[in-house]
Amino acid sequence: MNVNFQDQRILVTGASAGIGRELALQLAEKGPKCLILTARREQMLVELQAEIAQKQPGLKVLIHACDLAEQSEIDGLLYFISREAGAVDILINNAGMGDYGLFENSSWKKTEQILRLNIEALTYLTHKLVGPMIALKRGAILNVSSGLGFFFMPGMSVYAATKHYVTAFTEALRIELKGTGVVISQLCPGPVVSEFAQVAGNSDLLAKAPSGAVIGAEQCAREALMGFAKGQAVIVPGDLIRIATVLGQLVPRPLLRWVLASTRGRMVRRGQTPEQAPEVAKA
Ligand SMILES: NC(=O)c1ccc[n+]([C@@H]2O[C@H](COP(=O)([O-])OP(=O)(O)OC[C@H]3O[C@@H](n4cnc5c(N)ncnc54)[C@H](OP(=O)(O)O)[C@@H]3O)[C@@H](O)[C@H]2O)c1
């Protein structure tokens, strides 16, 4: 089922930076009725709102700063939307964060934030908004998962696990929603230039990715919206990562475990020791 962005009220989470910011900019060109943009950093949202206003004068762009890791703040966002926009026709669950390092060294505060944001907030927003969509027999949801929704990665155990949740949740919901008029898709990017690596506490993450695998946020958003408009179940932006995602799933698990077996030793040698564990949770 196709997704039309024209005349729709579209909510984008995590719109202050990276992929979400690009999604907002590109959606603004597709004739929506209203964009509702959220993230924690209000100033970044104000600047984005001004940029869109300059390019698309007349388009209604609502911004609401909140911490999606707090359910009460999500309720505040939903109240704001009901007051200012009425309803959401298209939900883009993009906000997410990761952490890099050995699990034993991780900060519980940051781990909890990841679980709340990547899993709880995405599920809660979907739960609150899918019912009204079904009642109207129309609507669309795009959940941003990751290539790691299909694989596991030592050093990013919790993050990858949250994306397995997003992938499984979205696949199952897609089947449940068949025939309701509501479509749900997922975006599964590989490495994308954004603030993600820095927030995860390892700015070198992208440098370690195979050359040609890293794409820009602009390309990621463009391919995401192209696939979402066609109602694709799974959208993997970037040719190389798309092929790697398909082939990677054919690799037997024992072989993957064997290839990744030396990760702990390597991370310890590189200084991912308990004393040096990164504490970079933002806000
Ligand atoms: N970049 C990659 O390589 C990559 C690969 C695969 C999947 N992804 C996924 O793509 C999505 C977007 O990530 P990105 O790469 O664009 O990262 P990013 O540049 O760090 O952007 C993350 C966005 O989420 C928002 N956010 C973070 N914590 C939040 C919170 N507690 N409450 C509300 N908003 C919050 C951030 O805004 P504030 O800080 O202003 O709140 C920001 O707008 C994520 O789900 C990520 O897991 C990224």
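Attention in this report is confined to the structure presented alongside it.

Cut-offs applied
Residues numbered from 1 in each chain as written. Predicted model: local features only at pLDDT ≥ 70, side-chain atom pairs only at ≥ 80, totals over all residues. Buried ≥ 20, exposed ≤ 12 C-beta atoms within 10 Å, placed from the backbone. Helix = DSSP H or I, 4+ residues; strand = E, 2+ residues; numbered from the N terminus. Pairing = 2+ DSSP bridges. Expected span 1.5 Å × (residues − 1). Arc of directions from axis to C-beta. Contact = placed C-beta atoms within 7 Å. Axes fitted to C-alpha atoms, helices over the stretch in contact; angles between N-to-C directions. Parallel < 35°, antiparallel > 145°, perpendicular 65-115°, else oblique. Nonpolar A, V, L, I, M, F, W, Y, C, P; charged D, E, K, R; others polar. Near = placed C-beta within 6 Å.

## Here's the deal with the pairing of strand β4 (residues 90-93)
Across the two faces of β4 the burial is the same, with Ile 90 and Ile 92 and Leu 91 and Asn 93 all buried. Here three bridges tie strand β1 (residues 9-13) to β4, and the two strands are oriented parallel to one another. In the sheet register, Leu 11 faces β4, and the bridge partner there is Leu 91. Where β4 meets strand β5 (residues 139-144), four bridges bridge the pair, whose relative direction is parallel. Looking at β5, one finds that Asn 93 is bridged to Asn 143.

## Structural notes on helix α3 (residues 71-84)
Note: α-helices contain 3.6 residues per turn, so residues at a spacing of three or four share the same orientation. Relative to the 20 Å expected for 14 residues at 1.5 Å per residue, α3 spans 20 Å between its end C-alpha atoms, a close match to the ideal helical length. Those residues of α3 that fall on the buried side of the exposure criterion are Ile 74, Leu 77 and Ile 81. Take α3 and look down its axis: the buried residues cluster within an arc of 55 degrees, on one side only. Residues Ser 72, Tyr 79, Ser 82 and Arg 83 are exposed on α3 and point more than 90 degrees away from its buried face. Tucked into the core, α3 has its buried residues touching β1, β2 (34-39), β3 (60-65) and α4 (108-136). Once α3 finishes, Gly 86 follows within two positions and takes phi at roughly 95 degrees, a positive value.

## As for the sheet that holds strand β7 (residues 234-235)
Strands sit in the order β3-β2-β1-β4-β5-β6-β7 across an open sheet of seven strands; the sheet is parallel. The strands lining the two open edges of the sheet, one partner per strand, are β3 and β7. Bridge count for β5 against strand β6 (residues 182-187) is six bridges, and the pairing is parallel. Bridged to Leu 142 within β6 is Ser 185. Together, β4, β5 and β6 form the strand contacts of α4, whose direction differs from that of β4 by roughly 165 degrees. Contacts from helix α5 (residues 157-176) reach β5 and β6 within the one sheet, and its direction differs from that of β6 by about 155 degrees.

## Let's talk about the packing of α4 against α5
At their nearest, the axes of α4 and α5 sit 10 Å apart, and the two run at 5 degrees to each other. When the axis of α4 is compared with that of α5, the two are roughly parallel. Of the residues in α5, those in contact with Thr 111, Ile 114, Leu 115, Asn 118, Ile 119, Leu 122 and Thr 123 of α4 are Val 158, Tyr 159, Thr 162, Tyr 165, Val 166 and Phe 169. Residues that form the contact of α4 with α5 fall into these classes: nine nonpolar, four polar and no charged.

## Considering the site of the ligand
Taken together, 29 residues are adjacent to the ligand, and Gly 14, Gly 18, Arg 40, Gly 96 and Ser 194 come closest. At the level of secondary structure, the elements contributing two or more residues to the shell around the ligand comprise α1 (18-28) and α6 (196-199). Per-element tally for the shell around the ligand: the top contributor is α1, with three residues. Tallied by class, residues from the shell around the ligand come to 16 nonpolar, eight polar and five charged.

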